[in-house]
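These are the residues of each chain, in order.
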Amino acid sequence: MEIINYIQTLEEVCQSLNISFFNIGYASKAETIDIIPDINKNTSIIYCSSKIGDRETGINFENAKESAKAIKRISQESQNGYGNFSH
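Each residue is numbered by its place in its chain's sequence as written, counting from 1. Two thresholds apply to this predicted model, a pLDDT of at least 70 for residue-level local features and 80 or more for giving and counting side-chain atom pairs, whereas whole-chain, interface and lining totals are computed over all residues. The basis for every side-chain value is the complete set of non-hydrogen atoms in the structure, without hydrogens or water.

Student: Can you help me understand the overall build of the chain in this one?
Tutor: Here a helix means four or more residues in a row that DSSP labels H or I, a strand means two or more in a row labelled E, and each is numbered from the N terminus. In terms of helices and strands, the chain carries four helices and four strands. Listing the helices and strands of the chain from first to last along the sequence gives α-β-α-α-β-β-β-α. The dimensions of the chain, computed from C-alpha atoms along their principal axes, are 40 × 30 × 20 Å. Burial classes: relative accessible area under 20% of the type maximum marks a residue as buried, over 50% as exposed, and values in between as partly exposed (1.4 Å probe, protein chains only). By residue count, 26% of the 87 residues in the chain fall in the buried class. Any two residues whose heavy atoms approach within 4.5 Å at even a single point are treated as in contact. Considering only residue pairs separated by 6 or more positions, the chain has 62% of its internal contacts joining residues 24 or more positions apart.

Laid out in structure tokens, this is it:
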């Protein structure tokens, strides 16, 4: 997946600058929320989250459902299920 390659390159730049934690922001669409587990699996200092709603538009149930899938997948694919807390 090309986006993962870009994010890995970003991570390499961060590491070359001695940055040990970098947040790329939140995914706001279901199709981008879907790649969060891949970001988590393929990086070690890159972090992100998902947006499931705000005061103006309310809860986005599609994003909430996709976020739940991502959380479940990360817990299943990470050691002892702790990938949602760190990686």
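There is more to say after this.
Student: What am I meant to see in helix H1 (residues 2-16) here?
Tutor: Residue pairs three or four apart in sequence face the same way in an α-helix, which turns once every 3.6 residues. A helix's residues, less one, multiplied by 1.5 Å, set its expected span. In this model H1 runs 21 Å from its N-terminal to its C-terminal C-alpha over 15 residues, within 8% of the 21 Å that 1.5 Å per residue would give. Buried residues of H1: Ile4, Ile7, Glu11 and Cys14, and no others. With its buried residues spanning 75° around the axis, H1 presents them on a single face. Turned more than 90 degrees away from the buried face of H1, the exposed residues are Glu2, Tyr6, Glu12 and Ser16. The secondary structure elements touched by the buried residues of H1 are strand E1 (22-27), helix H3 (36-42) and strand E2 (46-50). Downstream of H1 by a residue or two, Asn18 has a phi angle that is positive, lying close to 60°. Think of it as the arc spanned by the lines of direction from the helix axis to the C-beta atoms.

Student: Can you walk me through the environment of Ile45 in this structure?
Tutor: Inspection of the secondary structure puts Ile45 in the loop between H3 and E2. With relative accessibility at 9%, the residue Ile45 sits in the buried group. In this structure the C-alpha to C-alpha distance between Ile45 and Phe22, which are 23 residues apart in sequence, comes to 6.0 Å.

Student: Just checking my understanding: could you explain the pattern of salt bridges for this structure?
Tutor: For side chains bearing opposite charge, pairing can occur when the charged atoms are close. Any carboxyl oxygen of Asp or Glu within 4 Å of a side-chain nitrogen of Lys or Arg constitutes a salt bridge here. Under the criterion given, the structure shown has five salt bridges. The residue Arg73 makes a salt bridge to Asp38 at a minimum N-O spacing of 2.5 Å. Here Arg73 is found in helix H4 (residues 61-77), whereas its partner Asp38 is found in helix H3, with 35 residues between them in sequence. Given a relative accessible area of 24%, Arg73 falls into the partly exposed group. Among the residues examined, Asp38 registers a relative accessible area of 17% and is labelled buried.

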